[in-house]
Amino acid sequence: MFRIVRTDVLAPTVTRFEIEAPFIARKRKAGNFVMVRLDNQGERIPLTLADSNPASGTITLIVQAVGKTTKQLCAMKAGDSILDVVGPLGTPTPIAMHGTVVCVGGGVGTAELYPIARALKEAGNTVLSIVGARSHDLVILEPEMKAISDALYVTTDDGSYGKKGFVTDQLKDLLDTVPGIGAVFAIGPLPMMKAVSTLTRPYNVHTLVSLNTIMVDGTGMCGGCRVTINGAMKFACVDGPEFDGHSVDFDELMMRNRTYADLERVSDQKHACRLAGTTQESLR
Amino acid sequence: MTASNPLKPSERMKIPRQEPLEQDPQERSTNFLEVSFGFDMDRTLVEAQRCLDCKTPYCIDGCPVGIDIPGFIRLVLEKDYVGAVRKIREANYLPAICGRVCPQETQCEEVCVLAKKLTPVAIGKLERFVADYEMREKLFEAPVIKEHRDEKVAIVGSGPAGLTCAAELAQKGYRVTIFEALHATGGVLRYGIPEFRLPKEILDLETERIKALRVEIYTNFVIGRTATIDELFDEWGFSAIFLATGAGTPTFMGIPGENLSGVYSANEFLTRVNLMGAYRFPDTDTPIRIGKEVAVIGGGNTAMDAVRTAKRLGAEKAYLIYRRSRQEMPARQEEIHHAEQEGIQLLLLTNPTRIIGDAHNWVSAIECQRMELGEPDESGRRKPVPVKGSEFVLEVQTIVEAIGQKPNPIIQSTTPGLTTSKRGTVVTDEMQKTSRPGIFAGGDLARGGATVILAMRDGKQASVAIHTYLADKRAAQLPSHL
Ligand code: FES
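Please read these numbers as outputs of a predicted model, since none were measured by experiment.

**A short note on the overall build of chain A**
Step number 1: Within chain A, the secondary structure is distributed over 9 helices and 16 strands.
Step number 2: Computed over the C-alpha atoms, the radius of gyration of chain A is 19 Å, within 12% of the 19 Å expected from 2.2 N^0.38 for a compact globule of 284 residues.
Step number 3: For the C-alpha atoms alone, the extent of chain A along its principal axes is close to 65 × 40 × 40 Å.
Step number 4: Considering chain A as a whole, with its 284 residues, one finds that 57% of them fall into the buried category.
Step number 5: Long-range pairs, those at least 24 residues apart, make up 64% of the contacts in chain A with a sequence separation of at least 6.

**Remarks on the sheet that holds strand β6 (residues 81–82) of chain A**
Residue and element names in this part refer to chain A.
Step number 1: Reading across the sheet, the 7 strands line up as β6-β1-β2-β5-β4-β3-β7 and stay open at both edges, with antiparallel pairing between neighbours. Edge strands, defined here as strands with exactly one partner in the open sheet, are β6 and β7 (84–89).
Step number 2: Bridge count between strand β1 (residues 2–11) and β6: 2 bridges; the pairing is antiparallel. Bridge pairing links R3 to S81 in β6.
Step number 3: Together, β4 (45–53) and β5 (58–64) form the strand contacts of helix α3 (residues 109–122), whose direction differs from that of β4 by roughly 40°.

**Topic: the packing of helix α15 (residues 266–275) of chain B against helix α16 (residues 301–312) of chain B**
To characterise two packed helices, one gives the angle between the axes of the helices and the distance between these axes.
Residues and elements named next belong to chain B.
Step number 1: Running from N to C, α15 and α16 point in directions that differ by 50°, and their axes come no closer than 10 Å. Accordingly, the angle class assigned to the pair α15 and α16 is oblique. Where α15 crosses over α16, the two elements pack in a sense that is left-handed. Between α15 and α16, the residues in contact are A266, F269, L270 and V273 and T302, D305, A306, T309 and A310, respectively.
Step number 2: Partitioned by chemical class, the residues of the contact of α15 with α16 number 6 nonpolar, 2 polar and 1 charged.

The rules behind the values
- Residues numbered from 1 in each chain as written.
- Chains lettered and ligands numbered in written order.
- Predicted model: local features only at pLDDT ≥ 70, side-chain atom pairs only at ≥ 80, totals over all residues.
- Heavy atoms only, no water.
- Helix = DSSP H or I, 4+ residues; strand = E, 2+ residues; numbered from the N terminus.
- Rg over C-alpha atoms; globule rule 2.2 N^0.38 Å.
- Buried < 20%, exposed > 50% of the residue type's maximum accessible area, 1.4 Å probe, protein only.
- Contact = heavy atoms within 4.5 Å.
- Pairing = 2+ DSSP bridges.
- Axes fitted to C-alpha atoms, helices over the stretch in contact; angles between N-to-C directions.
- Parallel < 35°, antiparallel > 145°, perpendicular 65-115°, else oblique.
- Left-handed = near helix turned anticlockwise from the far one by under 90°.
- Nonpolar A, V, L, I, M, F, W, Y, C, P; charged D, E, K, R; others polar.

Okay, structure coming up:
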């Protein structure tokens with residue numbers, strides 16, 4: 001059992017968790033993730049490690065309530081326990097000195113980006129960060145990102161905060177005006193990472209993206225996470241989750257990720273009914 | 001005539017081999033309950049009488065872990081079922097599992113003298129009966145550990161090799177810790193072998209018995225990630241390590257269309273069902289997709305498990321596609337027979353060439369070609385060669401590839417100095433020693449894909465080697481693992 005010691009609501013559907021997991025806390029590196037299973041009926045889902053504290057033996061997860069399991073998790077409170085947490089999994093982000101780097105986070109992807117941006121900064125890079133969201137209330141970790149960035153740009157789709165537009169608009173500006181950008185790190189929804197990779201290709205700037213795929217075990221034993229990288233099959237959980245954005249077959253991955261869309265809705269609705277059921281019962 | 005068996009050998013040879021009770025094929029192809037019920041007590045007693053109690057019991061040599069087979073059968077005849085299962089456990093700590101999944105027909109039963117002219121003694125079913133009896137009557141008592149030792153031994157992986165090695169070393173008095181990457185123990189016994197062949201309840205009970213030996217088990221612990229092998233030595237203070245992580249990485253055929261939705265590796269398909277309980281979705285949260293028509297590719301036991309699982313999940317047509325002929329199928333005869341009874345269609349001498357998708361990127365069909373057998377290849381089996389112009393298309397919505405697994409690379413890539421083969425297996429000598437002192441390996445990690453019982457054999461062998469290694473070190477008074 002893994003006890004939740006603290007929760008913070010970062011945005012209407014986004015919660016930050018601090019969870020006791022001393023072995024994982026000691027070994028976590030930027031880019032690592034964990035697999036989480038809430039209870040005996042639960043599925044195993046991958047969640048990126050946003051941070052860890054080896055001294056207190058805790059790890060930090062930032063979770064957006066989108067499906068059955070993440071909604072159930074986001075309803076949990078400090079003191080509650082999660083049945084299974086395993087990690088740190090995946091190949092850590094290669095952190096090197098590139099000179100100037102641009103870190104691009106979309107939505108909750110910013111949570112995954114933050115430890116990477118921080119590690120890049122600690123490695124001596126000049127870090128320019130772009131944080132994008134649909135609207136102001138969905139912008140997360142702005143102060144944290146600001147603290148480790150040499151410059152931070154915020155964009156919102158609806159213009160309710162920062163610059164109106166997409167992260168790619170801001171990124172294009174930077175690519176056109178800032179000399180010597182050595183690498184771009186982009187984490188967010190697949191269409192965003194695809195757009196970033198398409199944008200950077202003509203500039204010939206090395207672009208790293210972090211792929212979210214179907215996963216069962218997260219340790220290389222099911223192949224559900226397979227992706228096509230430069231025409232070759234790779235397992236995102238072991239070979240990744242980060243890959244060279246210019247080599248990823250995004251279209252194939254986006255289609256694969258839709259495999260269970262309808263069944264996920266079934267599971268989600270069942271969960272919603274169950275919650276509604278309990279409320280009705282307690283009213284009686 | 002012996003004290004336990006009053007019948008003369010000629011009389012014993014007249015008794016026909018007893019047949020186990022089984023669930024009706026029609027009915028069982030729609031549920032996940034166990035297919036075979038094994039023997040009841042009457043059948044057990046009759047079958048036990050068939051044993052000739054040979055002076056030279058070949059069956060013991062045929063058993064990879066050397067169970068005293070005539071010895072336990074003698075106890076069965078005396079109706080001392082608990083004594084019988086204890087006798088088995090001296091050589092094999094997991095009889096309820098072996099009695100179900102061992103291929104006895106190619107081991108102990110194959111060399112039974114009765115097999116030459118008649119049919120062999122049903123050793124496997126007898127083993128299962130006594131193990132189940134002890135379980136049902138709750139008569140298990142953990143063996144007494146006579147001597148306790150200070151050295152700690154780490155076992156990586158809780159499959160058949162790891163569990164066996166843990167049980168053996170714990171009985172020798174070592175402090176044993178098992179590290180398991182998944183959230184539940186058992187390895188392939190948990191995620192690979194379906195409920196209808198090995199109920200998870202049995203596996204849970206056998207695991208409890210390992211724990212009864214004061215073995216400590218960490219689940220959710222990936223060696224190579226959560227801690228490395230060198231950390232186990234240097235920081236955790238282990239004196240020896242047995243690697244038994246199996247062959248869990250699936251391989252794919254490399255034909256076009258493999259990344260369409262609806263294509264699974266056997267590992268993913270079976271893990272979803274067996275480990276995650278997808279057959280009870282949406283009561284469980286892990287979904288699985290099953291088309292009206294399903295094709296499973298491969299000819300081994302994993303392929304059989306997958307295709308029979310597909311049928312139980314509601315596939316109207318479940319095909320097994322295999323490129324060689326029936327004789328070359330590596331699956332157990334019993335499993336092939338059970339599959340056919342359940343309505344599985346075998347497409348032999350057939351090889352998939354391409355997977356075809358629909359507009360939504362879902363599998364809609366598989367293209368195959370017919371094969372014929374040519375000259376024998378390196379494995380001694382006749383090599384299948386394609387028949388020109390024989391391509392045909394089969395409509396299917398789900399495809400499961402069960403063409404083999406290879407070892408997971410995480411430990412090998414995080415442990416300096418560990419020699420591996422081209423196939424990714426860890427290289428060991430006949431005592432299961434690896435290239436690094438204090439590190440031993442066995443089961444599929446060393447073999448690349450074999451049976452549960454051979455994994456157990458390796459686990460047992462490694463326990464002997466580790467015992468010797470630690471005794472030598474104690475004698476030499478060397479600091480650990482130097
Ligand atoms: S999640 Fe199973 S192999 Fe990657």
